[in-house]
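Here are the chains, one letter per residue:
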Amino acid sequence: MGKEIQHVRELACIVCREGWMRGERPELLSPLGGPNLLYRCVLCRTYWIMTERYAAPISIDQARDAFPALVTE
């Protein structure tokens, strides 16, 4: 199993992982129009970042660094 797949399994629940595969995104936290969007699963509370090329779960620290006004925990 690749490191990237293991990273996804460690951070995200099966609901949000499978949701992304079906095109069902978690709750959008960031405003539309930016180069990157921040989402958060309502079940497992995992942050997701979506860029022009991919979507991936990120840690709270990564989310805070990328979106300091939105991640205050």
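Presented here is an overview of the structure given in this document. Quick caveat: nothing in here was measured; it's all calculated off a predicted structure.

A word on the pairing of strand E2 (residues 37-40)
Move 1: Burial along E2 is two-sided: Leu 37 and Tyr 39 facing one way and Leu 38 and Arg 40 facing the other are all buried.
Move 2: Pairing of strand E1 (residues 27-28) with E2 involves two bridges; the strand directions are antiparallel. Across the sheet, the residue bridging to Glu 27 is Arg 40, located in E2.
Move 3: Two strands pair when backbone bridges link them, and E2 and strand E3 (residues 47-50) are joined in this way by four bridges, in the antiparallel orientation. Its bridge partner being in E3, Tyr 39 is matched across the sheet by Trp 48.

Digging into the packing of aromatic side chains
Move 1: Counted by the stated rule, this structure contains two aromatic pairs.
Move 2: On the numbers, 5.2 Å between centres and 35° between planes, the contact of Trp 20 with Trp 48 is tilted. Here the residue Trp 20 occupies a position in helix H2 (residues 14-22), and Trp 48 occupies one in strand E3, the gap between them amounting to 28 residues.
Move 3: For Trp 48, a relative accessible area of 3% translates into the label buried.
Move 4: Every member of this aromatic cluster is reached through a ring pair, and the members are Trp 20, Tyr 39 and Trp 48.

Focus on the side chain of Thr 46
Move 1: Along the chain, the position of Thr 46 falls in the loop between E2 and E3.
Move 2: Look at Thr 46 and you get buried, because its relative accessible area is 5%.
Move 3: Once residues lying within four places of it in the same chain are set aside, the contact partners of Thr 46 are Leu 11, Ala 12, Tyr 39, Arg 40, Cys 41 and Pro 57.

Criteria and thresholds
Residues numbered from 1 in each chain as written. Predicted model: local features only at pLDDT ≥ 70, side-chain atom pairs only at ≥ 80, totals over all residues. Heavy atoms only, no water. Buried < 20%, exposed > 50% of the residue type's maximum accessible area, 1.4 Å probe, protein only. Helix = DSSP H or I, 4+ residues; strand = E, 2+ residues; numbered from the N terminus. Pairing = 2+ DSSP bridges. Phe/Tyr/Trp six-rings, centres within 6.5 Å; stacked < 30°, edge-to-face > 60°. Contact = heavy atoms within 4.5 Å.

It is worth stressing that arrangement in space is one thing and function is another; only the former is reported here.
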